[in-house]
Amino acid sequence: MPDIFNLQEVGYSYMPNNYALTDINLAIHEGEILSIIGANGSGKSTLLHLLCGLIHPTHGSLYFRGDMITEKALKNAAFNKKFRSSIGFIFQNSDAQLFCPTVMDELLFGSFQLGYPKENALSRANDVADMLNISELKDRPTYMLSGGEKKRVAIGAVLTTNPDILIFDEPVSGLDPKTRSFIIELIFQLNQAGKTIIISTHHLELVDHFRSRVAILSENHTIEKTGTCDEILSDTDLLIRTNLIGEYPHKHDDNMVHKHLFSDFLFHQHRH
Amino acid sequence: MIPPFLLHKENFNSENETVKHKLSFIDHTMKNVASFITTSFLQYYTSKKGGLLQAVDARVKVAFMISLAVIINLTQNIPAQGILFLVIFILSVSSKINLLSIYKKALLTGFFFGFLVFVPACLNLFTKGHPIVTLFSFSNEHQWWIYKIPKDIYITREGLNLVSRLTIKVINSVSIVLLITATTTFEGIIKSLSWFKVPGIFLLTLTMSYKYIFVLSTTVEETYFSLKMRWWNRGSVIEAENLIAGRIAYLFKKSWERYELSYQSMIARGFDGTFSFYNFDRLKRIDFAFICISIFIISSILILNFYYA
């Protein structure tokens, strides 16, 4: 599979000598699902912002389908359109992502940006609304939606432009089980439809659900390891080292409280 | 079920796309709002650097800043203002502060709010005195209403002296405030003000406003990113303005919700209208040394001011 993104020695610092990311070498292939996992503050969101060209590397190079992504390159209207229309970014905070007055305006925004005729744009918006079960919400203002509804609208707003690459920042965080299940199924379907999916998460069960390739970020803001789902999830030391699993206090029926390694789904491993 | 259009790759041509980026005005505005986060982080990091002023207690620094601001405004001669400028410069260097960040702001403020505002005062129309350069010469004197326009209009030495003094006063006042805020955390400044008996409720409001601006800036930055991801050169400026207006309304609503939540959280924790901050540690040797040096500098400047007056 050809590379969509290629990152070579990429680093990013918000402040001098205070790196959010450092020495990132990563290739992302066409059509795959890649999970970027790491503890809070490891640089997952920064990495996604770099991939979307929202911020630019302070060192190293980032290539999109062979073209280097720089602030200057994105000032070129033709390249900017080619790049932006290929990538759909679903933010963790749906509130910040939704900026149009109503749900329907959100769904139409991207298609109008691309210059599609009104009928085509409306047809896309209605199809996507049906797929995401938000048809009833079309006339609602976005601030009147629940968290799960906002997430669906945020995904729909991106899907109407049919981007090749979908980037999800913590796609199931803070959602109820039904919405989580819906979104996981949707991501599968979109991948099967040929979309490249990039997900950032610290939920290991999500990685296990997708059985995806995994890039694991350490607390030193660099990629600790890339590998298959099994290679990463079976490496307990790696998961402890990168703060993705840890010890938690645990109470037994006999009132004995002790600590042991715990993960939501991987294992329930006692070390007495 | 996946709609059919999502199963095909888009085939639009962007080669001829030459429409000018209509987001430039939003770019600048939102970038500037969002830069508050960077500035706040930067201020936090500079206040933690191992420099001279960073080692001094926040109360001493705030007292020094207030005293210096008073002295700057009392001092009426240029040599004394020059010494104050030098003192602030030395303190900035010894505190490892980025000089450009301080002096760029101070000099710009000095130029706009000092020099440009007061520059007419260097003419003999407003300040009588010894001529330096003649700018215009009329054939006769003119009387217009209550104003008398002399035959020659020139820059006076006294006027130039006055403008220079006022400009340097503005530069010194701004640079000392910037220096102290760059070397003291926001929390340190608030606690110091509380130590100086500024009412707690006022400081609490100030603290909450600061935190709120921080949260608001994060939302603005995320919105800006979201807009940037989905705006591909099409759409009119009016559309963009409508979007921004919508976001402002949204932020207002969010502000209101946050205000309600914060107040409820305060009530839930027993808030009764009074507020006090956790006390400071005792002053250290370096603080006393700094106080002595400050008193020496301030006294010297006052003596110099008296001597030149």
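Residues numbered from 1 in each chain as written. Chains lettered and ligands numbered in written order. Predicted model: local features only at pLDDT ≥ 70, side-chain atom pairs only at ≥ 80, totals over all residues. Heavy atoms only, no water.

On to the overall build of chain B. In terms of helices and strands, chain B carries 10 helices and 4 strands. When burial is assessed residue by residue, chain B has 36% of its 309 residues classed as buried. Sequence-distant contacts, at least 24 apart, represent 79% of the contacts inside chain B between residues at least 6 apart. In the form shown here, chain B has an accessible surface area of approximately 18700 Å², with 68% of it arising from carbon and sulfur atoms. (Helix = DSSP H or I, 4+ residues; strand = E, 2+ residues; numbered from the N terminus. Buried < 20%, exposed > 50% of the residue type's maximum accessible area, 1.4 Å probe, protein only. Contact = heavy atoms within 4.5 Å. Areas by Shrake-Rupley, 256 points an atom, 1.4 Å probe, with all protein chains shown as cover.)

All right, on to the overall build of chain A then. Counting secondary structure elements, chain A contains 10 helices and 12 strands. Computed over C-alpha atoms, the radius of gyration of chain A comes to 20 Å, within 12% of the 19 Å expected from 2.2 N^0.38 for 272 residues, which places it in the range of a compact globule. The principal-axis extents of the C-alpha atoms in chain A amount to approximately 65 × 45 × 35 Å. Counting over 272 residues, chain A shows a buried share of 57%. Contacts spanning at least 24 positions in sequence make up 61% of the contacts within chain A whose residues lie at least 6 apart. Considering chain A, the positive charge centre built from 24 side chains and the negative charge centre built from 33 side chains are found 4 Å apart. (Rg over C-alpha atoms; globule rule 2.2 N^0.38 Å. Lys, Arg positive; Asp, Glu negative; His and termini not counted. Charge placed at Lys NZ, Arg CZ, Asp CG, Glu CD.)

This part covers the sheet that holds strand β5 (residues 67-68) of chain A. Here 4 strands make up an open sheet; going across it, the order is β2-β1-β4-β5 (chain A) and the pairing antiparallel. With one partner strand each, in any of the chains shown, β2 (18-29) and β5 of chain A form the two edges of the open sheet. (Pairing = 2+ DSSP bridges.)

At the junction of the two partners, chain B supplies 40 residues and chain A supplies 51 residues. Summing both sides of the interface, chain B and chain A together bury roughly 4200 Å²; the carbon and sulfur share of this comes to 61%. The salt bridge involving Glu-30 of chain A is made with Lys-9 of chain B; its shortest N-O contact spans 3.6 Å. The tally of links from chain B across to chain A stands at 4 residue pairs in polar contact (both at pLDDT 80 or more). When residues of the side of chain B that touches chain A are traced back to their parent elements, those giving at least two are α1 (24-47), α8 (200-230) and α9 (237-268) of chain B. (Buried area = accessible area lost by both parts, 1.4 Å probe. Salt bridge = Lys/Arg side-chain N within 4 Å of Asp/Glu carboxyl O. Polar contact = N/O pair within 3.5 Å; in protein donor to acceptor, adjacent residues only side chain to side chain.)

This part takes up the sheet that holds strand β9 (residues 213-217) of chain A. Residues and elements named next belong to chain A. Taking strand neighbours across the sheet as the criterion, the 6 strands line up as β6-β7-β8-β3-β9-β10 in an open arrangement whose pairing is mixed. Of all the strands in the sheet, the pair left with one neighbour each is β6 (87-90) and β10 (223-227). The sheet shows a mean angle of 15 degrees between the axes of neighbouring strands, taken without regard to direction. Of the pairings in the sheet, the one linking strand β3 (residues 33-38) to β9 comprises 5 bridges and is parallel in character. (Axes fitted to C-alpha atoms, helices over the stretch in contact; angles between N-to-C directions.)

Relative to the elements of secondary structure, Ser-95 of chain B occurs in the loop between α4 (78-94) and α5 (99-118). Aside from chain neighbours lying at most four places away, what touches Ser-95 of chain B is Gly-51, Leu-52, Leu-53, Gln-54 and Thr-183 of chain B.

Our next topic: empty space enclosed by the protein. According to the stated counting rule, one finds 2 cavities of 30 Å³ or more in the structure shown. Taken as a whole, the second largest cavity holds about 30 Å³ of empty space. Residues that form the lining of the second largest cavity fall into these classes: 3 nonpolar, 1 polar and 3 charged. (1 Å grid on protein atoms, 1.4 Å probe; cavity = no way out; pocket = protein on both sides within 12 Å on 5 of 7 lines; lining within 4 Å. Points joined across faces, edges and corners; volume = space filled by probe spheres on them. Nonpolar A, V, L, I, M, F, W, Y, C, P; charged D, E, K, R; others polar.)

With that settled, consider the confidence of the model for chain B. In this model, chain B carries a mean pLDDT of 81, and residues with pLDDT of at least 70 account for 84%. Across the predicted assembly, pTM comes out at 0.73 and ipTM at 0.75. (pLDDT = per-residue confidence, 0-100.)

Turning to helix α4 (residues 103-113) of chain A, a few remarks are in order. Most of α4 of chain A is tucked away, with 9 of its 11 residues classed as buried. Turning to α4 of chain A, its buried residues number three or more, namely Val-103, Met-104, Glu-106, Leu-107, Leu-108, Phe-109, Gly-110, Ser-111 and Gln-113 of chain A.

Remember that side chains alternate between the two faces of the sheet whenever the strand is regular. Strand direction decides the pairing type here: β9 of chain A and β10 of chain A, joined by 4 bridges, are antiparallel. Note that in β10 of chain A the partner of Ala-215 of chain A across the bridge is Thr-226 of chain A.

The subject of this paragraph is the environment of Tyr-19 of chain A. As for its position among the elements, Tyr-19 of chain A is in strand β2. Along the primary structure Tyr-19 of chain A and Thr-242 of chain A are separated by 223 residues, whereas in three dimensions their C-alpha atoms are 17 Å apart.

Along an α-helix, residues three or four positions apart point the same way, because every turn accommodates 3.6 residues. With 13 residues, helix α6 (residues 147-159) of chain A should cover 18 Å at 1.5 Å per step; its first-to-last C-alpha distance of 18 Å lies within 8% of that length. When we look at burial in α6 of chain A, the residues that qualify are Gly-148, Lys-150, Lys-151, Arg-152, Val-153, Ala-154, Ile-155, Gly-156, Ala-157, Val-158 and Leu-159 of chain A. (Expected span 1.5 Å × (residues − 1).)

With that settled, consider the packing of aromatic side chains. Residues and elements named next belong to chain B. Summed over all chains, the structure comprises 11 aromatic pairs over all chains. Residues Phe-111 and Phe-112 carry aromatic rings whose centres are separated by 5.2 Å and whose planes lie at 80 degrees to one another, so their mutual orientation is edge-to-face. With relative accessibility at 42%, the residue Phe-112 sits in the partly exposed group. Both rings, one in Trp-195 and one in Phe-196, keep their centres 5.3 Å apart while their planes meet at 85 degrees; by these two values the pair is edge-to-face. Since its relative accessible area comes to 46%, Trp-195 is described here as partly exposed. (Phe/Tyr/Trp six-rings, centres within 6.5 Å; stacked < 30°, edge-to-face > 60°.)

Bringing the pattern of salt bridges into the picture now. Residues and elements named next belong to chain A. For the coordinates displayed, the defined rule picks out 13 salt bridges over all chains. With a closest N to O distance of 2.3 Å, Arg-211 and Asp-230 form a salt bridge. With Arg-211 in the loop between α8 (204-210) and β9 and Asp-230 in helix α9 (residues 229-233), the pair connects residues that are 19 residues apart, well separated along the chain. Owing to a relative accessible area of 44%, Arg-211 belongs among the partly exposed residues under this scheme.

To continue, consider the pairing of strand β8 (residues 196-201) of chain A. All names here are of chain A. Within β8, 6 of the 6 residues are buried, which leaves the element mostly enclosed by the surrounding structure. Residues of β8 alternate between two faces, with Thr-196, Ile-198 and Ser-200 on one and Ile-197, Ile-199 and Thr-201 on the opposite face, all of them buried. As paired strands, strand β7 (residues 165-169) and β8 are joined by 5 bridges and run parallel to one another. Counted as the bridge partner of Phe-168 is Ile-199 from β8.

Turning to the environment of Leu-206 of chain B, a few remarks are in order. Residue and element names in this part refer to chain B. As for its position among the elements, Leu-206 is in helix α8. Measuring from C-alpha to C-alpha, the distance between Leu-206 and Ser-226 comes to 30 Å, with 20 residues separating the pair along the chain. With near-sequence residues (within four places) excluded, Leu-206 lies in contact with Phe-186 and Ile-190.

We now examine the environment of Lys-259 of chain A. All names here are of chain A. Looking at the secondary structure, you find Lys-259 in strand β12 (residues 257-262). A residue is classified by how much of its surface remains accessible, and Lys-259, at 49% relative accessible area, is partly exposed. Spatially, the C-alpha atom of Lys-259 lies 48 Å from that of Asn-162, the residues being 97 residues apart in sequence.

This next bit is on unusual backbone geometry. The phi torsion at Asp-23 of chain A lies on the positive side, around 50 degrees, for a residue other than glycine. Note on placement: Asp-23 of chain A falls in strand β2. Residue Asp-23 of chain A is classed as partly exposed on the basis of its relative accessible area, which comes to 40%. One non-glycine residue, Lys-197 of chain B, adopts positive backbone phi at about 70 degrees. On the secondary structure map, Lys-197 of chain B appears in the loop between α7 (186-195) and α8.

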